[in-house]
Amino acid sequence: EDQVTQSPEALRLQEGESSSLNCSYTVSGLRGLFWYRQDPGKGPEFLFTLYSAGEEKEKERLKATLTKKESFLHITAPKPEDSATYLCAVQAGAAGNKLTFGGGTRVLVKP
Amino acid sequence: SAVISQKPSRDICQRGTSLTIQCQVDSQVTMMFWYRQQPGQSLTLIATANQGSEATYESGFVIDKFPISRPNLTFSTLTVSNMSPEDSSIYLCSANPGQGDTIYFGEGSWLTVV
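The present account deals with the structure reproduced in this document. (Residues numbered from 1 in each chain as written. Chains lettered and ligands numbered in written order. Predicted model: local features only at pLDDT ≥ 70, side-chain atom pairs only at ≥ 80, totals over all residues. Heavy atoms only, no water.)

Digging into the interface of chain B and chain A
Link 1 in the chain: Counting residues at the interface gives 18 residues for chain B and 19 residues for chain A.
Link 2 in the chain: Buried surface at the junction of chain B and chain A, both sides included, amounts to about 1,600 Å², of which 53% is carbon and sulfur.
Link 3 in the chain: Seen at the junction of chain B and chain A, the total is 1 salt bridge.
Link 4 in the chain: The shortest N-O distance in the salt bridge between A:Lys98 and B:Glu58 comes to 2.7 Å.
Link 5 in the chain: The tally of links between chain B and chain A comes to 6 residue pairs in polar contact (both at pLDDT 80 or more). (Contact = heavy atoms within 4.5 Å. Buried area = accessible area lost by both parts, 1.4 Å probe. Salt bridge = Lys/Arg side-chain N within 4 Å of Asp/Glu carboxyl O. Polar contact = N/O pair within 3.5 Å; in protein donor to acceptor, adjacent residues only side chain to side chain.)

As structure tokens, this is what we get:
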């Protein structure tokens, strides 16, 4: 069974204090690893898809990396507007297009 | 990216009643997905809806409780039947509009059962 574990569950940062979120996964035949941002009361907003170990993608202050067992979402010099829950999900080869989600990391950036 | 619209965005429902959630995608898609997000939890897939065939339900979810329709390639409905307070959740519709493997989500339908 596909499993996704995110850590930490919650993260409090000062504005400008860089940090990393972890997503470890166990899946049969990874097709893709997805990062989403979710604000309270809203649907997940797509950030990145990573397909193979060693791949990196960046968007503004966010950078996602992928190894064979885990992915990291690095937040560089965060701002209060980066406060959100960040969700990691995997898409397995035998599962079609469905996603298996981790529990998420709630990030709070204080000014 | 795809635009996925859901209705209602929020509702308060009486115990024992049923509510139908609508999902509209701005492009034709083969598969649509329905997820549930219970308070403080992550997303759990309820079912996959293919146009022209019966929906495929995940373990723990049954058609009698969550009937799904998929009348065409841009629209789907999820009904939450005979609701109880445990059904209070955000229900999310999602789809892959064909831009790679990316799956996009609607804004969600936040149901509170009293």
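On we go.
Things to note about the sheet that holds strand S7 (residues 68-72) of chain B
Residues and elements named next belong to chain B.
Link 1 in the chain: Strand order across the open sheet formed by 4 strands is S1-S3-S8-S7, with antiparallel pairing between neighbours. Strands at the two margins of the open sheet, each flanked by one partner only, are strand S1 (4-7) and S7. The sheet shows a mean angle of 15° between the axes of neighbouring strands, direction not considered.
Link 2 in the chain: Pairing of S1 with strand S3 (residues 19-25), which is carried by 4 bridges, proceeds in the antiparallel orientation. Paired with Ser 5 across the two strands is Gln 24, which belongs to S3. (Pairing = 2+ DSSP bridges. Helix = DSSP H or I, 4+ residues; strand = E, 2+ residues; numbered from the N terminus. Axes fitted to C-alpha atoms, helices over the stretch in contact; angles between N-to-C directions.)

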